Structure formats: C-alpha cells, structure tokens
Amino acid sequence: MMIKRIEICIELLKIGVEFVVAVAEAVQIAWRQHLNHRTPMPPPPLLPHGISTSYHSPFLFGFLP
C-alpha cells in the first residue's frame, strides 16, 4: 500500500513538472512575440515654449525602505 502511494506521488510530481514546463514555454513564446511586435512610443507632446508636459514622479512606485 505504501509503495502504491509513493508511485502515485511520483506520477503527480511528473505531471506537475510537465505543467510548469509547458507554462514557462508559453510565457517565453508570448514574451518573444510581444517584443517582436512592439512599436516605439511616440514622443511626449511639447508646450509652445518647448517644455515637456510629462515628468517622472518619484512617488510613482511608492517609497522603498
């Protein structure tokens, strides 16, 4: 009975590893397609005096310790 449980555990572990590998490959393929089809961002609009309207705020991601 104990050997049967160990065999089932090993089979479930194999299935889990195969699932993780399949998901990792799918993410890798999706990431490559995203990078290949990415278009460059347009430049930010400028005010009449040439000053950019957008600036990077240091509070965008919060404080880090």
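**A look at the overall build of the protein**
So, point 1. Of the regular secondary structure elements, the protein holds 1 helix and 0 strands.
So, point 2. Residues classed as buried in the protein amount to 0% of the 65 residues present.

**Remarks on the pattern of salt bridges**
So, point 1. Enumeration over the complete set of coordinates arrives at 1 salt bridge.
So, point 2. In this structure, the salt-bridge partner of Glu-11 is Lys-14, at a minimum N-O distance of 3.8 Å. Placement of both Glu-11 and Lys-14 in helix α1 (residues 2-36) is noted, with a separation of 3 residues, approximately one turn of the helix.
So, point 3. Given the relative accessible area of 44%, Glu-11 is considered partly exposed.

**Here's the deal with a nonpolar patch on the surface**
So, point 1. Together, Phe-19, Val-20, Val-23 and Val-27 make up a nonpolar patch on the protein surface, roughly 390 Å² of accessible area in all.
So, point 2. Tracing the sequence through the fold places Val-23 in helix α1.
So, point 3. Classification of Val-23 by relative accessible area gives partly exposed; the value is 38%.

About the thresholds
- Residues numbered from 1 in each chain as written.
- Predicted model: local features only at pLDDT ≥ 70, side-chain atom pairs only at ≥ 80, totals over all residues.
- Heavy atoms only, no water.
- Helix = DSSP H or I, 4+ residues; strand = E, 2+ residues; numbered from the N terminus.
- Buried < 20%, exposed > 50% of the residue type's maximum accessible area, 1.4 Å probe, protein only.
- Salt bridge = Lys/Arg side-chain N within 4 Å of Asp/Glu carboxyl O.
- Patch = residues over 30% accessible without salt bridge, like charges linked within 9 Å, V, L, I, M, F, W, Y side chains within 5 Å.
- Areas by Shrake-Rupley, 256 points an atom, 1.4 Å probe, with all protein chains shown as cover.

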